[in-house]
Amino acid sequence: MPAETKLFLCLKDNYGVLLHDPATGATAAIDAPEAAPIEKALAATGWKLTDILVTHHHGDHTAGIAALKDKHHCRVVAPRNEASKIANIDETVGEGDSVTMGSLSARVLETPGHTAGHISYFFPADKLAFVGDTLFSVGCGRVIEGTPEMMWQSLLKIRNLPDDTRLYCGHEYTAANCRFALTVEPDNAALRKRATAVTQLIGQGEPTIPTTLGEEKAVNPFLRADVPSVAASVDLTGAGAAKVFAAVRGRKDRF
Ligand SMILES: [Zn+2]
């Protein structure tokens, strides 16, 4: 049976998402920005929280863990390399590990850069990926603890997933990301189309995610650092992709 998801906003612009396995009833929260909206989503769906899958240690992804664990006695899975920074962990995981959630199974990808131990969860059978603050729609996370080279390698790892993978990210930043991306690739027709669709979705109060990897490969400048027109836009024609990525990321930081 295919997995089901429920997406909702938390805090100011964080996304919370529940992943539900109809075969067993298992339900995971991907990150826990705050407990109340997650409780509300559980009540609305009638699902029972069995797991929390954490992508990284930042407070806007972990603040709800203690209260949820206290109430639901759920298992908390978190990145091995950030275990010292996250409370209430039951299981730590790293690159290549499997996480079983009911009858669903995820492969763990280490995607450092935003934080040093950030991980993403890929469910191959359902082609679902939860990428936290590594990749956003039409954008990517700030490189806070790692290096641009490290972040570029993490993005390549995600880019290698199947094109029809549905991506869930940690924040609703898509409209601002489109405004920036259009300064990098003003002539990218797919990006212009995406920007128009995003304006419409936001206007209707609708989320802009999930997105698909195939779509992101066409519109997201941070996944396109090895495309000659992107290199040219930051005056780095012929430079290596990691260097181009660093320049585009630096420009976005100042945007
Ligand atoms: Zn973060």
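Cut-offs and rules
- Sequence order sets the numbering: in each chain, residues are counted from 1 along the sequence as written.
- In keeping with the model being predicted, local features are shown solely for residues with a pLDDT of at least 70 and side-chain atom pairs are shown and tallied solely at 80 or more, while totals for entire chains, interfaces and linings include all residues.
- Working from all heavy atoms in the structure, the side-chain values ignore hydrogens and water.
- Helix numbers and strand numbers start at the N terminus; a helix is a DSSP run of H or I with at least 4 residues, a strand a run of E with at least 2.
- For the radius of gyration, the atoms used are the C-alpha atoms, and the globule rule reads 2.2 Å times the number of residues raised to 0.38.
- Each residue is placed in one exposure class: buried if its accessible area under a 1.4 Å probe, protein chains only, is under 20% of its type's maximum, exposed if it is over 50%, and partly exposed if it falls in between.
- Any two residues whose heavy atoms approach within 4.5 Å at even a single point are treated as in contact.
- Only the stretch in contact is used when fitting a helix axis, every axis being a line fitted to C-alpha atoms; angles between N-to-C directions are given from 0 to 180 degrees.
- Should an angle lie under 35 degrees it is considered roughly parallel, over 145 roughly antiparallel, and from 65 to 115 roughly perpendicular; all remaining angles are considered oblique.
- Each crossing is labelled by how the near helix is turned from the far one, with a counterclockwise turn of less than a right angle marking it left-handed and a clockwise turn marking it right-handed.
- Ten residues, namely Ala, Val, Leu, Ile, Met, Phe, Trp, Tyr, Cys and Pro, are considered nonpolar, four, namely Asp, Glu, Lys and Arg, are considered charged, and the remaining ones, Gly among them, are considered polar.
- The donor definition counts N, O and S atoms within 2.8 Å of each metal and applies 3.2 Å to Na, K and Ca; water is not among these atoms, so some sites may look incomplete.
- Only two sets of limits are used to name each site, 85 to 135 degrees for every angle of a tetrahedral four-donor site, and over 155 degrees for opposite donors with all other angles from 65 to 115 for a square planar four-donor or octahedral six-donor site, with any other site named irregular.
- Strand pairing is defined by DSSP finding a minimum of two bridges between the two strands.

Asks: Let's hear about the overall build of the chain: which residues, and what values?
Replies: Assigned secondary structure in the chain consists of 9 helices and 14 strands. For 255 residues, the compact-globule estimate of 2.2 N^0.38 gives 18 Å, and the chain sits close to it at 18 Å. Burial status across the chain gives 53% buried among its 255 residues. Looking at the chain alone, contacts between residues at least 24 apart form 59% of all its contacts between residues at least 6 apart.

Asks: Describe the packing of helix α5 (residues 174-184) against helix α6 (residues 189-203), listing the residues and the values that go with them.
Replies: Axis separation between α5 and α6 bottoms out at 10 Å; the angle between their running directions is 155°. One element, α5, and the other, α6, form an angle in the roughly antiparallel class. The interaxial crossing formed by α5 with α6 has left-handed handedness. Counting all contacts with α5, which are made through Thr174, Ala175, Cys178, Ala181 and Leu182, the residues of α6 involved are Leu191, Arg192, Arg194, Ala195, Val198 and Ile202. Here the contact of α5 with α6 is composed, by residue class, of 8 nonpolar, 1 polar and 2 charged.

Asks: Describe the environment of Ile86, with residues and values.
Replies: Tracing the sequence through the fold places Ile86 in the loop between β5 (75-79) and β6 (91-93). With relative accessibility at 8%, the residue Ile86 sits in the buried group. Setting aside residues no more than four positions away along its own chain, Ile86 makes contact with Val54, His56, His57, Thr62, Ile65, Ala78 and Pro79.

Asks: Explain the coordination of the zinc ion to me, using residue names and the numbers behind them.
Replies: Of the protein atoms, only His56 (NE2), His58 (ND1), His114 (NE2) and Asp133 (OD) coordinate the zinc ion, at distances of 2.2 to 2.3 Å. Each of the 4 donor atoms around the zinc ion contributes to a set of angles spanning 89 to 172°, which defines the coordination as irregular. The class for His56 is buried, based on a relative accessible area of 0%.

Asks: So what about the pairing of strand β9 (residues 119-123)? Which residues, and what values?
Replies: With 5 of its 5 residues buried, β9 lies for the most part within the structure. Side chains Ile119, Tyr121 and Phe123 of β9 all project onto a buried face; the interleaved residues Ser120 and Phe122 project onto the opposite face, where all are buried too. Of the pairings in the sheet, the one linking strand β8 (residues 104-110) to β9 comprises 4 bridges and is antiparallel in character. From the neighbouring strand, Glu110 faces β9, where its bridge partner is Ile119.

Asks: Can you lay out the sheet that holds β5 for me, pointing to particular residues and giving the numbers?
Replies: The strand order across the open sheet formed by 6 strands is β1-β2-β3-β4-β5-β6, and the pairing between neighbours is mixed. At either margin of the open sheet sits one strand with a lone partner, and together these are β1 (4-10) and β6. Across this sheet, the average inter-strand angle for adjacent strands is 20°, counted without regard to direction. In this structure, β5 lies alongside β6, joined through 3 bridges in parallel fashion.

Asks: Which residues make up unusual backbone geometry, and what are the values?
Replies: Cis rather than trans, the peptide bond between Ile209 and Pro210 has omega equal to 0°. In this structure, Pro210 sits in the loop between α6 and β14 (211-212). Positive phi is not limited to glycine here, since Asp31 has a value of about 65°. On the secondary structure map, Asp31 appears in the loop between β3 (27-30) and α1 (35-45). Of note, the phi angle at Asp235 is positive, near 55°, even though the residue is not glycine. Positionally, Asp235 belongs in the loop between α8 (228-233) and α9 (241-253). Taking the relative accessible area as the measure of exposure, Asp235 reaches 67% and is therefore exposed.

As far as function goes, none of this settles anything; it's purely spatial.
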